[in-house]
Amino acid sequence: MLTIALPKGRIAKETLAKFEKAFGEEFVFEDRKLILEKAGFRFLNVRNQDVPTYVMHGAADLGVVGLDVLEEKEYDLIKLLDLELGKCKVAFGLRKGEELDLTKSKITVATKHEKIAKKFFEEKAMAVEIIKLYGSIELAPLVNLSDCIVDIVETGETMKQNGLEVGPTIMESSAHLIANKNAFYAKKDLILDLKEKIEEVL
């Protein structure tokens, strides 16, 4: 049996729809249940941010998670397949009419993507102060808590509604099928067979 950690919400539903197509079975989490066992699979319904942790520690063989979450966690996991779901980007948000001033001696950035933002500025050999926020990040530049924000952008509508503009893109992201290294070697045939079946329906 393969155990697969799925992020709660839309991505889980869309991933299960791919499994349904690939295996001709119906895969649905009942009501508030967190585990679904069917057709040789055990699916775990977990928070998006926690998917790599379940896979890293071997509680799940595989997981489905956004590339942005994977980059932020920096775990040593195998990226098996881009599922082309949940496409978005990690980008800067700036006050309307402003541009990212890369000549400043130090830039203050509000974000929950600390490592991704830090890496961006390190590669440019620039000083940055990262302010970690967990929500309502768009507020930060408006109340002068930060020069800009780094956040997930799908349509840019949230930023626009809050008086911000989408600035430069740091990275593109989409949901990937990932594997625990030990599980991959122990269950290689099962995992590669699954990968092949999912690839066929993409």
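Here is what the cut-offs are and how they apply
- Residues numbered from 1 in each chain as written.
- Predicted model: local features only at pLDDT ≥ 70, side-chain atom pairs only at ≥ 80, totals over all residues.
- Heavy atoms only, no water.
- Pairing = 2+ DSSP bridges.
- Helix = DSSP H or I, 4+ residues; strand = E, 2+ residues; numbered from the N terminus.
- Axes fitted to C-alpha atoms, helices over the stretch in contact; angles between N-to-C directions.
- Contact = heavy atoms within 4.5 Å.
- Buried < 20%, exposed > 50% of the residue type's maximum accessible area, 1.4 Å probe, protein only.
- Phe/Tyr/Trp six-rings, centres within 6.5 Å; stacked < 30°, edge-to-face > 60°.
- UniProt positions renumbered as here; feature names shortened; annotations may be inferred.

**Student:** I keep staring at the sheet that holds strand E8 (residues 127-132) and nothing clicks. Help me out?
**Tutor:** What links the strands of a sheet is backbone hydrogen bonding, and the strands pair in either a parallel or an antiparallel sense. One open sheet holds the five strands; their spatial order is E8-E7-E9-E6-E10, and the pairing between them is mixed. Edge positions in the sheet fall to E8 and strand E10 (164-173), since each has one partner strand and no second. On average, adjacent strands in this sheet sit at an angle of 30° to one another, irrespective of strand direction. Pairing geometry for strand E6 (residues 88-95) and E10, over seven bridges, is antiparallel. What sits directly across from Leu94, in E10, is Glu165. Most of the contacts of helix H4 (residues 114-123) go to E8, to which it runs at about 170°, and overall it touches E6, strand E7 (106-111), E8, strand E9 (148-153) and E10.

**Student:** Would you mind showing me how to read unusual backbone geometry here?
**Tutor:** Backbone geometry follows two general trends: most residues other than glycine have a negative phi, and most peptide bonds adopt the trans configuration. The phi dihedral of Glu84 is positive, around 55°, even though this residue is not glycine. With respect to the element layout, Glu84 can be found in the loop between strand E5 (78-82) and E6. Owing to a relative accessible area of 48%, Glu84 belongs among the partly exposed residues under this scheme. Within the chain, Ala125 stands out as a residue other than glycine whose phi angle is a positive 55°. Mapping Ala125 onto the fold places it in the loop between H4 and E8. Ala125 gets classed as exposed once you look at its relative accessible area, which sits at 72%.

**Student:** What am I meant to see in the pairing of strand E2 (residues 35-38) here?
**Tutor:** On a regular strand, each side chain points to the face opposite its neighbour's, so the side chains alternate between the two faces of the sheet. Relative to strand E3 (residues 41-46), E2 runs antiparallel, the two being bridged by four bridges. The residue of E3 that forms the bridge with Leu36 is Phe43.

**Student:** I keep staring at the packing of aromatic side chains and nothing clicks. Help me out?
**Tutor:** Ring pairs (aromatic) are described by centroid distance and by the angle formed between their planes. The tally for this structure, following the rule as stated, stands at 12 aromatic pairs. When the ring of Phe92 is compared with that of Phe120, the centres are 5.1 Å apart and the planes differ by 65°; the resulting orientation is edge-to-face. One end of the pair, Phe92, is in strand E6; the other, Phe120, is in helix H4, with 28 residues separating them in the sequence. Here Phe92 matches Phe120 in class, with each residue buried.

**Student:** It is not clear to me how the pairing of E6 should be interpreted in this structure. Could you clarify?
**Tutor:** Taken across its eight residues, E6 has seven buried, putting it largely inside the fold. Where E6 lies against E9, five bridges are found, and the strand directions are antiparallel. From the neighbouring strand, Lys89 faces E9, where its bridge partner is Val153.

**Student:** Where do I start with the UniProt feature "domain: ATP phosphoribosyltransferase catalytic" (unreviewed entry) in the protein in this structure?
**Tutor:** Those places that UniProt annotates as "domain: ATP phosphoribosyltransferase catalytic" (unreviewed entry) correspond, in this numbering, to residues 47-199. Counted over residues 47-199, helix gives 33% and strand 33%. Its end C-alpha atoms are 25 Å apart.

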